Amino acid sequence: GTASTDFDSLTTSYSAGSILGALGASITAKQTALCVEVIVYNYAISSNRDTDMRLVDKSGSEWSVGISEGGAGTGTIQTARQIVHQTWSITGLTIGSTYTFNPQARTSATSNFLAAGGNYPDAFFRGYYLPS
């Protein structure tokens, strides 16, 4: 957590910004299935602003496409909630291989932000293994 607030202005194109960009991680798989979650505050100045999120690999390809690391099982979801809690189920991992997970977000219209720190909740990124 930080004492100062960080705002990421969302656009209609996916990007990590400073908040989500600080959350990505690489892991060496210990099982073949993994759950990856991001929790972040969505600060919309105007109503009716959707926030879409996706998970990309080390080359910036969405995990469901699997271009760089053979991922499967993810996709995007739209939400209009203040707290965005997005979960992805990753399957088909090879034990011992290293995988990169980087969350990104976009919005349906301008005046939509992600916020963390200061008077806003911290942003979280976590993963845990699923039963194989």
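Note: the structure precedes this text.
To keep things clear, this report deals only with the structure shown in the data block. Quantities reported herein were computed from a predicted structural model and do not represent experimental measurements. (Residues numbered from 1 in each chain as written. Predicted model: local features only at pLDDT ≥ 70, side-chain atom pairs only at ≥ 80, totals over all residues. Heavy atoms only, no water.)

Under the defined criterion, the tally for this structure stands at six aromatic pairs. Look at F7 and F113: their rings are 6.3 Å apart centre to centre, the planes differ by 80°, and that puts the pair in the edge-to-face class. Here F7 is found in strand β1 (residues 6–9), whereas its partner F113 is found in strand β8 (residues 112–116), with 106 residues between them in sequence. A relative accessible area of 39% places F7 in the partly exposed class. Ring plane angle 75° and centroid distance 5.5 Å describe the contact between F7 and Y120, whose orientation is recorded as edge-to-face. Note that F7 is positioned in strand β1 and Y120 in the loop between β8 and β9 (124–129), a separation of 113 residues in sequence. (Phe/Tyr/Trp six-rings, centres within 6.5 Å; stacked < 30°, edge-to-face > 60°. Helix = DSSP H or I, 4+ residues; strand = E, 2+ residues; numbered from the N terminus. Buried < 20%, exposed > 50% of the residue type's maximum accessible area, 1.4 Å probe, protein only.)

Side chains V84, Q86, W88 and I90 of strand β6 (residues 83–90) all project onto a buried face; the interleaved residues I83, H85, T87 and S89 project onto a face where none is buried. Two strands pair when backbone bridges link them, and strand β3 (residues 34–44) and β6 are joined in this way by eight bridges, in the antiparallel orientation. Bridge pairing in β6 places V40 opposite V84. (Pairing = 2+ DSSP bridges.)

Here Y129 lies in strand β9. Judged by its relative accessible area of 29%, Y129 falls in the partly exposed class. Between the C-alpha atoms of Y129 and T32, which are 97 residues apart in sequence, the distance is 8.1 Å. Setting aside residues up to four positions removed in sequence, Y129 forms contacts with I27, T28, A29, K30, Q31, A33 and L34. From its side chain, Y129 meets the backbone oxygen of T28 in a polar contact 3.4 Å long. A polar atom in the side chain of Y129 sits 3.1 Å from the backbone nitrogen of K30. (Contact = heavy atoms within 4.5 Å. Polar contact = N/O pair within 3.5 Å; in protein donor to acceptor, adjacent residues only side chain to side chain.)

This part is about the environment of I95. Counting through the fold element by element, I95 comes out in the loop between β6 and β7 (98–107). A residue is classified by how much of its surface remains accessible, and I95, at 55% relative accessible area, is exposed. The spacing of I95 and Q31 is 64 residues in sequence and 5.5 Å in space, taken between C-alpha atoms. Once you skip the residues sitting within four places of it in the chain, I95 turns out to touch A29, K30, Q31 and T32.

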